[in-house]
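# Report on the structure
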Amino acid sequence: NIPLNSRLVIIPILGNACDKKLLTRVFEQNKVNIIFHAAAHKHVPMVEINPIEGLKNNILSTRSLAEIALKFNIEKFTLISSDKAVRPKNIMGASKRVSEILFQAFDNRFKETCFSMVRFGNVLNSSGSVIPLFKKQIKSKGPLTVTHPEVIRYFMTIQEASQLVIQASSLAKGGEVFLLDMGKPIKILSLAKQMIKLSGLTIKNKKNLSGDIEIIFTGLRPGEKLKEELLIDDHAKPTTHPLIYKAEENYITYEKIIPLIKQLENSLINYDLLKSLSLLKEIVPEWNRFS
């Protein structure tokens, strides 16, 4: 508990979350009792064309931190997951799904640490968000680039997401997949049109050739879906918080998942792409890279 009149001290540490020697040193030197694991390569197209590094970073860092959490008797460990982990079409989403499966396996096997996950969608104005991109494109007089006219996404603010993640962690008893209520999904095309109008400009199209800014469609990027989801199964239970729900999903036991993760680690270290993708498909059978 931090007294209200105390000064919050943030200690920046530069390093790789897969480096267990570094992690051990960090945890030895600092009195840590809660972990929020958000470190990941999250850029979908970038990971899609660099699958080895994406899988290595996103999955092995999760396993390393889970083992460190047990070693140092961490009270609570929350994984920041993604709606892209649900029936993933891209490698980034599949890597997040593997991380979720690992967390459930660790929580089922070990009771020293409370492992839980929070799954949600896009955060406004975060790195990679479409909002800063549209702002930049409007400033340079366009065009605004939208991948597909029917693409829709869930959004919430940084403040909302961070507060709900902390509250979900406080609700955790172990093994839960928490879902944040993100309201109604928004069509990206509608968002683009609204941002142009809010900037005091007009849309340039066939009906208005003298407009200020054009909207163009660039096509879905590799691994991109038209619509993201939060539930794998159609079952979610309410919690004591009105904006936080719990998913009820099957899991793989620790005894079954760890040998597969070790095989995956070996294939990633040896840059064996075919073997790595084969193991990824075995762990996450609903992943289909070419669907």
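Residues numbered from 1 in each chain as written. Predicted model: local features only at pLDDT ≥ 70, side-chain atom pairs only at ≥ 80, totals over all residues. Heavy atoms only, no water.

## Observations regarding the sheet that holds strand E10 (residues 203–204)
- Read across the sheet, three strands follow the order E5-E11-E10 without closing on themselves; strand pairing throughout is parallel. Looking at which strands have only one partner, the edges of the open sheet turn out to be strand E5 (144–146) and E10.
- Where E5 and strand E11 (residues 213–217) come together, three bridges link them in parallel fashion. Following the sheet pairing, Leu144 is matched in E11 by Ile215.
- Strands E5 and E11 of the sheet are contacted by helix H5 (residues 130–139), whose axis makes an angle of about 145 degrees with E5.
- Running over the sheet, helix H7 (residues 188–198) touches E5, E10 and E11 and is turned about 170 degrees from E11. (Pairing = 2+ DSSP bridges. Helix = DSSP H or I, 4+ residues; strand = E, 2+ residues; numbered from the N terminus. Contact = heavy atoms within 4.5 Å. Axes fitted to C-alpha atoms, helices over the stretch in contact; angles between N-to-C directions.)

## Points about the sheet that holds strand E1 (residues 34–37)
- Reading across from one edge, E1-E2-E3-E8-E13-E12 is the order of the six strands in this open sheet, with mixed pairing throughout. Sheet topology places E1 and strand E12 (236–238) at the edges, where each strand pairs with a single neighbour. Here the average twist between neighbouring strands, direction ignored, is 30 degrees.
- Relative to strand E13 (residues 244–247), E12 runs antiparallel, the two being bridged by three bridges. Residue pairing across strands places Ala236 opposite Ala247, the latter belonging to E13.

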